[in-house]
Amino acid sequence: KATVQGATRVKEQIEAAKKIIPKIEDGNPQKSELLFQLAELYWDKSRYLYRREMLKFFEQQKDADEKKNRGEKVSEPKEDHRESELYRSETMRLYETILREYPSYERKDEVLFNLAYNLYETGKRDGAVKRYEELLKSYPGSKFVPDTYVQLGNHYFDVANVLEEMIAVWQRRSVTPDRNALNEWWQQINRWRQRNCLGYANDSKLIKPQHAIKRLYELTKDRDDVFITTEVGQHQMWAAQHYGFDKPNRWMTSGGLGTMGYGLPSAMGVQLAHPDALVVDIAGEASIMMNIQEMSTIAQYNLPVKVFILNNEYMGMVRQWQELLHGSRYSQSYMASLPDFVKLADAFGGVGLRAEKPEQLDDVIREMIETPRCVIADIMVDKAENCFPMIPSGAAHNEMLMGPADKAEQPISEDGMVLV
């Protein structure tokens, strides 16, 4: 209501100004001031219209969500800002008119700042930077100087802008590459590439966790609606390394935060946002236990979330560190009290599946995908498989372990190994 009232009031003021301005002679200082006030009114009008456009979009989005919840097919609403953009364009045209026809206007610094701001917001970044720099040069004592530095800082420290400008500078220079140096550098890169740190030896009797994720990818890659979440641990690294992500916003993970239990509630949220999508939580048997009670929520809301557990019966990342850096002193990392995940899924009204041999893997994955209910797929993987590359305690990035044959350059002392 306030937005509509404000827009109406501004419209009346714009009409009044448009009637007065033609009656004032060119060169009269009053005209430049009225043009400035009219530009401000147009800007206010564009902001009111933008709010109204967003309110309309939110209503359309709410209506679409309600229809989807009823099972109806709807097209996603899109934001439409044509009307507000028209008034914003008129704002910038008036500012340009003042700068061109009234060079001695007493509020020229404010005109420059407002014009630069609007140019930047509408994607005309080169023009905006030019106007900001003109303000700094011509009006060093202006009250708009601090905000101008802030705006330029935001621009120059935006990585995308910096890369564009670096490329532009490089292209303006006539640089002849040093072919010998480049050849040596590529030779070094290729030597590094020969170390296939993501490689693994597949097994005919044991399911390798990397292979399980690769098969999951191969059997889902032709779908456009796949979203992957993860818990925390070895499976998280293997998912990043072996699931072939090729679309943005399809990979939900907590990164390096170490938040075991993140994957299942994350998958619930994704499934609610995309009810017809295939949402898979790639999990470890330890992490999934952190929020396993959310299976109740999944059951209540009939969410067809898929839980793909790489079950090695260990807190795998902890076990790996204990094996490689603490002389295989295993402490509190073996999961000896796990539930039967197949029965657990059934208890919550879902479907439980299990693969214990490589030849069972594809069938389990296919059944998981095709089942229109929540599924827990318990994939029994090699208990001793480690995840590489890995940086040992206290080591630098150039000292990372690239595979099972590597040893830490600074082994942990005997006393340190005891402190597991």
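Above: the structure in question.
So, here's what we can say about the structure. A quick note: this is a predicted structure, and the numbers were derived from the prediction, not measured. (Residues numbered from 1 in each chain as written. Predicted model: local features only at pLDDT ≥ 70, side-chain atom pairs only at ≥ 80, totals over all residues. Heavy atoms only, no water.)

Further remarks concern the side chain of R250. Here R250 lies in the loop between α10 (234-242) and β2 (251-252). For the buried residue R250, which engages in no salt bridge, the nearest side chain bearing the opposite charge is D225, 6.4 Å off. In terms of polar contacts, R250 uses its side chain to reach the backbone carbonyl oxygen of V226, at 3.5 Å. Among residues more than four places away in sequence, those in contact with R250 are D224, D225, V226, F227, I228 and F245. (Helix = DSSP H or I, 4+ residues; strand = E, 2+ residues; numbered from the N terminus. Buried < 20%, exposed > 50% of the residue type's maximum accessible area, 1.4 Å probe, protein only. Lys, Arg positive; Asp, Glu negative; His and termini not counted. Salt bridge = Lys/Arg side-chain N within 4 Å of Asp/Glu carboxyl O. Polar contact = N/O pair within 3.5 Å; in protein donor to acceptor, adjacent residues only side chain to side chain. Contact = heavy atoms within 4.5 Å.)

With that out of the way, let us pick up the environment of L401. Looking at the element boundaries, L401 is found in the loop between β6 (375-380) and α16 (414-418). Take L401: its relative accessible area is 3%, and that puts it in the buried class. Every residue in contact with L401, bar those within four places of it in the chain, is listed here: F388, P389, M390, P392, D406, K407 and A408.

In this section: the sheet that holds β2. With parallel pairing, the six strands of this open sheet are ordered in space as β2-β1-β3-β4-β6-β5. Edge positions in the sheet fall to β2 and β5 (351-355), since each has one partner strand and no second. Pairing analysis gives five bridges linking β5 to β6, with the strands arranged parallel. Among the inter-strand pairings, L353 is bridged to a residue of β6, identified as A377. Docked against the sheet, α10 engages β1 (226-230), β2, β3 (278-284) and β4 (306-311), running at close to 135° with respect to β3. Running at roughly 165° to β5, helix α15 (residues 358-370) makes contact with β3, β4, β5 and β6 of the sheet. (Pairing = 2+ DSSP bridges. Axes fitted to C-alpha atoms, helices over the stretch in contact; angles between N-to-C directions.)

What follows concerns unusual backbone geometry. The linkage connecting F388 with the following residue, P389, adopts the cis geometry, with an omega of 0°. By secondary structure assignment, the location of P389 is in the loop between β6 and α16. Look at N302: it is not a glycine, yet its phi comes out positive at around 50°. Inspection of the secondary structure puts N302 in the loop between α12 (294-300) and β4. In this structure, E313 is a non-glycine residue whose phi angle is positive, near 60°. According to the relative accessible area criterion, E313 is buried, its value standing at 18%.

A few words now on the nonpolar core. In a soluble, globular protein the nonpolar side chains are often hidden away together inside. Counting 34 residues, the largest nonpolar core has L38, Y95, I98 and V111 as its most contacted members. Contributing elements (two or more residues each) for this core: α1 (2-20), α2 (29-69), α3 (82-101), α4 (108-121), α5 (125-138) and α6 (145-156). By residue number, the principal contributor to this core is α2, which donates eight residues. Sequence-distant contacts of L38, defined by excluding residues within four places in its chain, comprise I14, A17, K18, I21 and L94. Ranked by size, the runner-up nonpolar core spans 28 residues in total, among them A212, L361, I365 and I369. (Core = buried A, V, L, I, M, F, W, Y, C linked by side-chain atoms within 4.5 Å.)

With that settled, the discussion passes to a nonpolar patch on the surface. Together, V159, L163 and M166 make up an exposed nonpolar region whose accessible area comes to about 310 Å². Relative to the helices and strands, M166 is located in helix α7 (residues 159-172). (Patch = residues over 30% accessible without salt bridge, like charges linked within 9 Å, V, L, I, M, F, W, Y side chains within 5 Å. Areas by Shrake-Rupley, 256 points an atom, 1.4 Å probe, with all protein chains shown as cover.)

Looking now at the pairing of β4. Within β4, six of the six residues are buried, which leaves the element mostly enclosed by the surrounding structure. Residues of β4 alternate between two faces, with K306, F308 and L310 on one and V307, I309 and N311 on the opposite face, all of them buried. Crossover β3 to β4 through α12 is right-handed. Where β4 lies against β6, six bridges are found, and the strand directions are parallel. In the strand pairing of β6, K306 is matched with V375. (Right-handed = clockwise from strand over helix to strand, strands pointing away.)

Relative to the 21 Å expected for 15 residues at 1.5 Å per residue, helix α8 (residues 179-193) spans 21 Å between its end C-alpha atoms, a close match to the ideal helical length. The N-terminus of α8 is capped by D178, whose side-chain oxygen sits 3.2 Å from the backbone nitrogen of N180. (Expected span 1.5 Å × (residues − 1).)

Contact geometry for α2 and α3: axes closest at 8 Å, N-to-C directions at 165°. What the angle tells us is that α2 and α3 run roughly antiparallel. The handedness of the crossing between α2 and α3 is left-handed. In terms of residue class, the contact of α2 with α3 is built from 12 nonpolar, five polar and eight charged. (Parallel < 35°, antiparallel > 145°, perpendicular 65-115°, else oblique. Left-handed = near helix turned anticlockwise from the far one by under 90°. Nonpolar A, V, L, I, M, F, W, Y, C, P; charged D, E, K, R; others polar.)

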